[in-house]
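Below, each chain spelled out in residue letters.
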Amino acid sequence: MATVTTASIIERAGILLDDMTHIGWTEGELLKWLNDGQREIVHFKPEANSKTSIVAKVAGTKQTLPADGVALIDISRNFAADGTTPGRAVRPVKRAQLDKNLPDWHNAAATLDALHYTYDRQNPKAFYIYPPSNAVGKLEIIYGASPADATLVSTISIDDTWQTALLNYIVFRCLSKEAEAGMAAAATGYYNAFIALVGGKSSAEMNTDPNADMKASRATGA
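Report on the accompanying structure. Just so we're clear, the structure is a prediction, and the values are computed from it rather than from any experiment.

## Comments concerning the packing of aromatic side chains
Step number 1: On inspection of all chains with the given rule, the structure shows six aromatic pairs.
Step number 2: Between tryptophan 105 and tyrosine 128, the ring centres sit 6.4 Å apart and the planes meet at 75 degrees, which makes this aromatic pair edge-to-face. One end of the pair, tryptophan 105, is in the loop between α3 (95–101) and β6 (116–118); the other, tyrosine 128, is in strand β7 (residues 126–133), and 23 residues separate them in sequence.
Step number 3: Taking the relative accessible area as the measure of exposure, tryptophan 105 reaches 1% and is therefore buried.
Step number 4: Among the residues examined, tyrosine 128 registers a relative accessible area of 23% and is labelled partly exposed.
Step number 5: With centroids separated by 5.8 Å and ring planes inclined at 35 degrees, the aromatic side chains of tyrosine 191 and phenylalanine 194 adopt a geometry described as tilted. In this pair, tyrosine 191 and phenylalanine 194 are both assigned in helix α5 (residues 183–208), three residues apart and thus about one turn of the helix distant.
Step number 6: Given a relative accessible area of 25%, tyrosine 191 falls into the partly exposed group.

Structural data, given as structure tokens:
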């Protein structure tokens, strides 16, 4: 749960913009950029606002994320229709592997439990399971959710570790409005810092993830 307040980030933005009294950029405007920044971060890194939910399956192979879903992160296991009785694990598989070895897999006999799932970030709000579902039973999924808008008196909606990236994004958006000489370059610098933090965090997570090799082998079906 986030503990960093929006007020603390807006205060820091005022320091960087040399506008501590928020004459040039109001607190309301800074809050808008903060909320835009939260959505931008979750677009790049769905894990920044992850949720675990038990969702009902629909008939067939194609399934969809909950309404607030941005991207699928993982499917851990099946659940019985009661939503409380856990079932067998679900393994990721590449769609090309299914298409090659089981070209008619979308028309296979429907079953209660899913054995595999496949997902493509180019179609971020849908995923496919195999065998097809008989519309009975549920899945436990982990997904990135669109963050709720923060307010001036709340905490941020995503994980605290993203506060510096949010600060860079806010300053970038503010400076992008300015026509003064050098402001465009300064805005670009803050945006590049934002992107570097997002990409750098991704690399750091991969380097320190004890399950990285296991995930890679699971994705190839090894």
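Let us keep going from here.
## Thoughts on the side chain of threonine 61
Step number 1: In this fold, threonine 61 is placed in strand β2 (residues 60–64).
Step number 2: Polar contacts involving the side chain of threonine 61 include one to the side chain of histidine 106, which spans 2.8 Å.
Step number 3: Every residue in contact with threonine 61, bar those within four places of it in the chain, is listed here: Trp105, His106, Phe127, Tyr128, Ile129 and Pro132.

## Overview of the pairing of strand β3 (residues 69–79)
Step number 1: As paired strands, β3 and strand β8 (residues 138–145) are joined by eight bridges and run antiparallel to one another. Paired with phenylalanine 79 across the bridge in β8 is lysine 138.
Step number 2: What sits between β3 and strand β4 (residues 86–89) in their antiparallel hairpin is a turn of six residues, with glycine 83 showing a positive phi close to 75 degrees.

## Brief notes about unusual backbone geometry
Step number 1: The step from tyrosine 130 to proline 131 runs through a cis peptide bond, and the omega angle for that step is -5 degrees.
Step number 2: Structurally, proline 131 can be placed in strand β7.
Step number 3: For aspartate 18, which is not glycine, the phi dihedral falls at a positive 55 degrees.
Step number 4: Relative to the helices and strands, aspartate 18 is located in the loop between α1 (6–16) and α2 (27–44).

## Points about the packing of α1 against helix α4 (residues 163–175)
Step number 1: Viewed as axis vectors pointing N to C, α1 and α4 meet at an angle of 50 degrees, and their least axial separation amounts to 10 Å. In terms of orientation, α1 and α4 fall into the oblique class. The hand of the α1/α4 crossing is right-handed. Residues Ile9, Arg12, Ala13 and Leu16 of α1 pack against Gln163, Leu166, Leu167, Ile170 and Val171 of α4.
Step number 2: Here the contact of α1 with α4 is composed, by residue class, of seven nonpolar, one polar and one charged.

Procedures and definitions
Residues numbered from 1 in each chain as written. Predicted model: local features only at pLDDT ≥ 70, side-chain atom pairs only at ≥ 80, totals over all residues. Heavy atoms only, no water. Phe/Tyr/Trp six-rings, centres within 6.5 Å; stacked < 30°, edge-to-face > 60°. Helix = DSSP H or I, 4+ residues; strand = E, 2+ residues; numbered from the N terminus. Buried < 20%, exposed > 50% of the residue type's maximum accessible area, 1.4 Å probe, protein only. Polar contact = N/O pair within 3.5 Å; in protein donor to acceptor, adjacent residues only side chain to side chain. Contact = heavy atoms within 4.5 Å. Pairing = 2+ DSSP bridges. Axes fitted to C-alpha atoms, helices over the stretch in contact; angles between N-to-C directions. Parallel < 35°, antiparallel > 145°, perpendicular 65-115°, else oblique. Left-handed = near helix turned anticlockwise from the far one by under 90°. Nonpolar A, V, L, I, M, F, W, Y, C, P; charged D, E, K, R; others polar.

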